[in-house]
Amino acid sequence: MSNPCIICVAITGSVPTQADNPAVPVTVAEQIESTHAAFEAGASIAHCHVRDDEGKPTSDPERFARLKEGIEAHCEGMIVQLSTGGRSGAGRDRGGMLSLKPDMASLSVGSNNFPTRVYENSPDLVDWLSSEMIKYDVKPEIEAFDLSHIFHAALMQKRGQLAGMPYVQFVMGVKNAMPADREVFDFYRATVARLFGEDAPWCAAGVGPNQIVLNEWAISSGGHARTGLEDNIRLDKNTLAPSNAALVKRAVDLCEKYERSVASAAQARQILGLRP
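A brief look at the structure comes next. (Residues numbered from 1 in each chain as written. Predicted model: local features only at pLDDT ≥ 70, side-chain atom pairs only at ≥ 80, totals over all residues. Heavy atoms only, no water.)

**So, the sheet that holds strand 3 (residues 45-48)**
Right, so step 1: Here we have eight strands rolled up into a closed barrel, ordered 2-3-6-7-10-11-12-13, and parallel in their pairing. Neighbour-to-neighbour, the strand axes of the sheet open up by a mean angle of 25 degrees, direction not taken into account.
Right, so step 2: When strand 2 (residues 7-10) meets strand 3, the two strands line up parallel, connected through three bridges. Bridge pairing in strand 3 links Ala 10 to His 47. (Pairing = 2+ DSSP bridges. Helix = DSSP H or I, 4+ residues; strand = E, 2+ residues; numbered from the N terminus. Axes fitted to C-alpha atoms, helices over the stretch in contact; angles between N-to-C directions.)

**Brief notes about the environment of Phe 145**
Right, so step 1: Within the secondary structure, Phe 145 is located in the loop between strand 10 (139-144) and helix 4 (147-158).
Right, so step 2: The spacing of Phe 145 and Gly 173 is 28 residues in sequence and 9.4 Å in space, taken between C-alpha atoms.
Right, so step 3: Excluding its chain neighbours within four sequence positions, the residues that come into contact with Phe 145 are Ser 108, Asn 112, Phe 114, Tyr 119, Val 171, Val 174, Met 178 and Tyr 188. (Contact = heavy atoms within 4.5 Å.)

**Topic: helix 7 (residues 244-257)**
Right, so step 1: Spanning 14 residues, helix 7 covers 20 Å between terminal C-alpha atoms, matching the ideal 20 Å at 1.5 Å per step.
Right, so step 2: All buried positions along helix 7 are accounted for by Asn 244, Ala 245, Ala 246, Leu 247, Val 248, Arg 250, Ala 251, Val 252, Leu 254 and Cys 255.
Right, so step 3: One side-chain oxygen at the N-terminal end of helix 7 lies 3.4 Å from the backbone nitrogen of Ala 245; it belongs to Ser 243. (Expected span 1.5 Å × (residues − 1). Buried < 20%, exposed > 50% of the residue type's maximum accessible area, 1.4 Å probe, protein only. Polar contact = N/O pair within 3.5 Å; in protein donor to acceptor, adjacent residues only side chain to side chain.)

**Structural notes on the packing of helix 1 (residues 28-41) against helix 7**
Packed helices, taken two at a time, are described by the angle their axes make and the gap between the axes.
Right, so step 1: The interhelical angle for the contact between helix 1 and helix 7, taken along N-to-C directions, is 20 degrees, at an axis separation of 8 Å. Comparing the axis directions of helix 1 and helix 7 gives the class roughly parallel. In the packing of helix 1 onto helix 7, the handedness of the crossing is right-handed. Contacts from Ser 34, Ala 37, Ala 38 and Ala 41 of helix 1 reach helix 7 at Asn 244, Ala 245, Val 248 and Val 252.
Right, so step 2: The class makeup of the residues in the contact of helix 1 with helix 7 is six nonpolar, two polar and no charged. (Parallel < 35°, antiparallel > 145°, perpendicular 65-115°, else oblique. Left-handed = near helix turned anticlockwise from the far one by under 90°. Nonpolar A, V, L, I, M, F, W, Y, C, P; charged D, E, K, R; others polar.)

Pasting the structure below:
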């Protein structure tokens, strides 16, 4: 097996609750435990959100600090990726945790529609978040909800606003945004290769039942995969996922199917150009 596949586990997100699925980890302690199980199953990146005492999304740096510390203590070498997403805060509060110097952070470089609201990422905010990531040596994961976001990431790289090779993630299947469409997916892949080079790493995430679809498209096409309870709480229409680890296991099985090894944390760091 060659071309190791990085598996990212999005452990909690801002939307799913334990009423939706009891396996959704909400407290910091639950998140650390769930991440450790996912790490043991094969995940090498933890994509992290935090919740307040009422279970609502927040950008509280202190909670992010405790989560980061716990993951680093129990998941040796695992890449910690903190979310700067818009459901957890407003304006520059969304980047208040970047001074913690996580390995990575999500960066949405443009706006788009979500099911019931506009996911707003103003140019000023995007520029400030990217400057903070450079300041604290945090590698951004470009969250591409639209083709224009890939092109804007290329422009930002040209301007020196992104350090190193961008890591672009295609997000598909969000209602009112980009559907899970194979021709669009293939065009995204070709666009990343054209703008950043054939060897540029990329990832894909699918929402809801599209999660396993995007996992298979990405793994079979040489990309990397995101899974986890943030994006999807089910194994199938009638079965709730029992854990983040169970969803990681599905991605691992696809790696075996397509004769790709699962990247260790050390390999994932090398592929993404992160510090050891």
